[in-house]
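# Coordinates in review
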Amino acid sequence: MSLFYHIGKYFLLLNRVFSIPEKHNVYYKETLKEIQKQGINSMGIVAIISVFMGAVITIQTAYNTENPLLPTYLIGLGARDAILLEFSSTIVALILAGKIGSNIASEIGTMRVTEQIDALEIMGVNSASYLILPKVVGSVIFAPFLTLLSMIVGISGGWVAGTAAGVVTTENYIYGIQYAFNPYYITYSLIKITVFVFLITTISSYHGYNTSGGSLEVGKASTKAVVHSSIFILLFNLILTQLLLS
Amino acid sequence: MIEVKDISKSFENTKVLNEVNVLFEKGKTNLIIGQSGSGKTVLLKSIVGLHQVDKGQIIFDNIVFNELNFKDKKEMRKQIGMLFQGGALFDSSSVEENVRYPLDMFTNLSLSDKQDRVNECLKRVNLINANKFYPAEISGGMQKRVAIARAIALNPKYLFCDEPNSGLDPQTAILIDNLIKEITEEYNMTTIVNTHDMNSVMEIGDKVVFIYKGEKWWEGTKEGIFDTENNELNNFIFASTLSRKIKDLKKGG
Ligand SMILES: Nc1ncnc2c1ncn2[C@@H]1O[C@H](COP(=O)(O)OP(=O)(O)OP(=O)(O)O)[C@@H](O)[C@H]1O
Ligand SMILES: [Mg+2]
């Protein structure tokens, strides 16, 4: 029952978030700030995760295709598909759930418990829209760039690791990543990350906005934000894959 | 003038306010006093509409505020300034950005006009040269001043203060209290202040309402408060050893 209660409350909140803003330039400025805070500031962690992910996938693929009958360009192809289809969207989203999710929930939660949200409401500001909309829009706009970054860095990481470990030559790796390339994989990943980031930002905002109590509850809200975002990412990963790839 | 008629408020199963009736007067500082947990904050937040009351009416100068539709309520809110128990300044904005915030959101003034208004408000609360500081970088007393400046930025008709001097030393507390009283008289606002500080009552209490366990137990003026026969109020007033000593001295003399 409590699940339905929360889902209902979540949609009511979204309804307030997506009402028409009255001061466009204020929202515009806030959105730019959020692009910086949630997007640009996540590039570092996404790049680091991706380079190691690409490296490990390449070496694992090499290990799994050790059979001499299989050409080594399959390593590049396998790594490419794994990165494009799954890692640059789903894994990156899970990382972002940790970073952006906890950030948003604790920021909004702190504003709630220190009565800053009440202060906004009393002035007549739609606090839900003012606080949440720029975060959702800023993050959703920037997320595809993070995925593209992850793809490039991940595939490069695979190349470095693969050649350094001596499991594949540069020519074969490059031939592999070009072989039977399907650009739709990229579209599929970009659609997924957009949905995932929308889920992360709205679920985390929901938990932050509905915090009550003190700093302990802010911590709890932040944990719930990460856990629930991750669960919904995995659930929607399944749904979207079924819808988009089958 | 704000009239509170028969309001009750419960959270889940606990009744916090029970049929409260009060008239808060214009141009005066109206105080709500009572013990911690008696329901002062809930009463104040119910009056301004941050809590939805279960029953009763809240009337702001002939307008039944709690029965307005969403849009009219929003319009009314622009005439309300509020000071929260913890200050509630926006931590990620500087002092001047905090005070400018309502102007940014609700006026179409040019930046220099807004800046002038910000400086005027900050000067009114005796806070100069603090414009660029962040809330975490200034003292509690200064934070309260910034919060007052922000609350009066749009020239409100109604001012609400939830324990404006909690956490301050007695001298600063009196300064803040007097500031609120002066501003109230200057702009002819209807001001309601929550407090549990008897010093505030003596300094600024034009009208005093005593809340006990969510009910209005007593109302009157600061002059009348010491003559009351009301037991709970007497316990509240003479809670400290110091005040009991003074009372005994008075009786003896
Ligand atoms: N949002 C809420 N949900 C449930 N109960 C609440 C809520 N807000 C307040 N209460 C309860 O209402 C009662 C009155 O609280 P209130 O904050 O009004 O006290 P107060 O008089 O302002 O005390 P203090 O002087 O400590 O600020 C308390 O028992 C509190 O637990
Ligand atoms: Mg209180």
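Each chain has its residues counted from 1, following the order in which its sequence is written. Lettering for chains starts from A, numbering for ligands starts from 1, and both go in the order in which the items are written. In keeping with the model being predicted, local features are shown solely for residues with a pLDDT of at least 70 and side-chain atom pairs are shown and tallied solely at 80 or more, while totals for entire chains, interfaces and linings include all residues. Hydrogens and waters are ignored; side-chain quantities use all the structure's heavy atoms.

By definition, any uninterrupted DSSP run of H or I lasting at least four residues is a helix, any uninterrupted run of E lasting at least two residues is a strand, and each is numbered from the N terminus. A tally of helices and strands in chain B yields nine helices and ten strands. Taking 2.2 N^0.38 as the reference for a compact globule, 253 residues should give roughly 18 Å; the C-alpha atoms of chain B span a radius of gyration of 19 Å, in line with that estimate. Counting only C-alpha atoms and orienting by the principal axes, one finds that chain B spans roughly 60 × 45 × 30 Å. A burial count over chain B gives 53% of its 253 residues as buried. Any two residues whose heavy atoms approach within 4.5 Å are treated as being in contact. Long-range contacts, defined as pairs at least 24 residues apart, comprise 65% of the intrachain contacts of chain B with a sequence gap of at least 6. Each accessible area is a Shrake-Rupley result for a 1.4 Å probe, and residues are judged covered by the shown protein chains and nothing else. Carbon and sulfur atoms provide 48% of the accessible area of chain B, an area that totals close to 11,900 Å². By the counting scheme adopted, Arg and Lys are positive, Glu and Asp are negative, and His together with the chain ends is not counted. The location of each charge is read from NZ of Lys, CZ of Arg, CG of Asp or CD of Glu. A distance of 1 Å separates the average location of the 33 positive side-chain charges in chain B from that of its 35 negative side-chain charges. Throughout, radius of gyration means the C-alpha value; the globule benchmark is 2.2 Å times the number of residues raised to the power 0.38. Summary of the burial criterion: residues with accessible area below 20% of their type's maximum are buried, those above 50% are exposed, and those between are partly exposed, where the area comes from a 1.4 Å probe applied to protein chains only.

So, on to the packing of aromatic side chains. Two rings belonging to Phe, Tyr or Trp (six-membered ring only in the last case) form a pair when the distance between their centres is within 6.5 Å. Interplanar angles under 30 degrees mark stacking, angles over 60 mark edge-to-face geometry, and anything in between is tilted. Taken as a whole and assessed by the stated rule, the structure comprises 17 aromatic pairs over all chains. The interplanar angle of 45° and the centroid separation of 5.1 Å between the aromatic rings of Tyr-73 of chain A and Tyr-179 of chain A together place this pair among those described as tilted. Of this pair, Tyr-73 of chain A sits in helix α4 (residues 73-113) while Tyr-179 of chain A is found in the loop between α7 (170-178) and α8 (184-209), placing the two residues 106 residues apart along the sequence. Accessibility expressed as a relative area gives 18% for Tyr-73 of chain A, which makes it buried. Geometrically, the ring pair formed by Tyr-212 of chain B and Trp-217 of chain B is tilted, given 5.0 Å between the ring centres and 55° between the ring planes. Trp-217 of chain B sits in the partly exposed class, given a relative accessible area of 34%.

Residue and element names in this part refer to chain B. If you check the shell around ligand 1, you find 13 residues, and the closest are Ser-36, Gly-37, Lys-40, Thr-41 and Glu-163. Here Ser-36 contributes a side-chain N or O atom positioned 2.4 Å from an oxygen atom of ligand 1. The fraction of the free accessible surface of ligand 1 (630 Å²) that becomes covered by protein chains is 60%. For the shell around ligand 1, the element with the most residues is helix α1 (residues 40-48), which contributes three residues. Here a residue is considered near a molecule or strand provided that any single heavy atom belonging to it is located within 4 Å of it. Each polar contact in these results corresponds to two N or O atoms within 3.5 Å; when the atoms are within protein, one needs to be able to donate a hydrogen and the other to accept it, and residues that are neighboring in sequence are counted only if both atoms are side-chain atoms.

Residues and elements named next belong to chain B. The magnesium ion (ligand 2) binds to the protein through Thr-41 (OG1) and Gln-85 (OE1); the donor distances cover 1.8 to 2.6 Å. Here Thr-41 is found in helix α1, whereas its partner Gln-85 is found in the loop between β6 (80-83) and α3 (95-106), with 44 residues between them in sequence. The partly exposed category is assigned to Gln-85, whose relative accessible area is 30%. Think of the donor list as every N, O and S atom within 2.8 Å of the metal, or within 3.2 Å for Na, K and Ca; water never makes the list, so a site can look incomplete.

With that out of the way, let us pick up the pattern of salt bridges. A carboxyl oxygen of Asp or Glu within 4 Å of a side-chain nitrogen of Lys or Arg is what we treat as a salt bridge. Tallying each qualifying case throughout the model produces 26 salt bridges over all chains. Here Lys-135 of chain A and Glu-34 of chain A are joined by a salt bridge, their closest N and O atoms 3.0 Å apart. Placement of Lys-135 of chain A in helix α6 (residues 127-164) and of Glu-34 of chain A in helix α2 (residues 24-39) is noted, with a sequence separation of 101 residues between them. Judged on exposure class, the residue Lys-135 of chain A and its partner Glu-34 of chain A are both buried. Across the salt bridge formed by Glu-25 of chain B and Lys-207 of chain B, the nearest N and O atoms sit 3.9 Å from each other. Taken together, the positions of Glu-25 of chain B in the loop between β2 (14-24) and β3 (29-33) and Lys-207 of chain B in strand β9 (residues 207-212) put the pair 182 residues apart, joining distant regions of the chain. Accessibility expressed as a relative area gives 27% for Glu-25 of chain B, which makes it partly exposed.

Here we come to a nonpolar patch on the surface. Residues qualify for a patch when their relative accessible area is over 30% and they have no salt bridge, like charges being joined within 9 Å and the nonpolar side chains of Val, Leu, Ile, Met, Phe, Trp and Tyr within 5 Å. A cluster of nonpolar residues, Leu-235, Leu-238, Ile-239 and Leu-243 of chain A, forms a patch on the protein surface that exposes about 400 Å² of accessible area. Assignment of secondary structure puts Leu-238 of chain A in helix α9 (residues 215-245).

This brings us to α4 of chain A. All names here are of chain A. The length a helix should cover is 1.5 Å for every residue beyond the first. The first and last C-alpha atoms of α4 sit 56 Å apart over 41 residues, in line with the 60 Å expected at 1.5 Å per residue. At Phe-87, α4 is bent by approximately 50°, the largest bend along its length. Residue Glu-115 follows α4 closely and has a positive phi angle near 65°. In this scheme, the bend at a residue equals the angle between the axes fitted to the seven residues that finish there and the seven that begin there.

Another aspect to go through is the side chain of Thr-195 of chain B. Counting through the fold element by element, Thr-195 of chain B comes out in strand β8 (residues 190-195). A distance of 3.0 Å separates the side chain of Thr-195 of chain B from the backbone nitrogen of Asp-197 of chain B, its partner in a polar contact.

Attention shifts here to the environment of Ile-59 of chain B. All names here are of chain B. Inspection of the secondary structure puts Ile-59 in strand β4 (residues 55-60). Residue Ile-59 is classed as buried on the basis of its relative accessible area, which comes to 10%. When the C-alpha positions of Ile-59 and Ile-47 are compared, they lie 8.9 Å apart, and in sequence the two are twelve residues distant. Setting aside anything within four residues of it in sequence, one finds Ile-59 in contact with Met-1, Ile-2, Glu-3, Lys-5 and Val-64.

All names here are of chain B. Backbone geometry places Asp-61, a non-glycine residue, at a positive phi of 45°. Looking at where Asp-61 falls in the secondary structure, it is placed in the loop between β4 and β5 (63-64). Overall, the relative accessible area of 25% leaves Asp-61 in the partly exposed class. For Asn-62, which is not glycine, the phi torsion reads 75° and is therefore positive. Assignment of secondary structure puts Asn-62 in the loop between β4 and β5. The class of Asn-62 is exposed, set by a relative accessible area of 71%.

Residues and elements named next belong to chain B. Any two strands between which DSSP finds at least two bridges are classified as paired. Strand order in the open sheet made by the six strands is β6-β7-β8-β3-β9-β10, with mixed pairing throughout. Edge strands, defined here as strands with exactly one partner in the open sheet, are β6 and β10 (215-220). The average angle at which neighbouring strand axes cross in this sheet is 15°, direction not considered. In this sheet, β8 lies alongside β3 in parallel orientation, the contact comprising five bridges. Note that in β8 the partner of Ile-33 across the bridge is Thr-195. Axis definition: a line fitted to C-alpha atoms, limited for helices to the stretch in contact. Angles are taken between N-to-C directions and run from 0 to 180 degrees.

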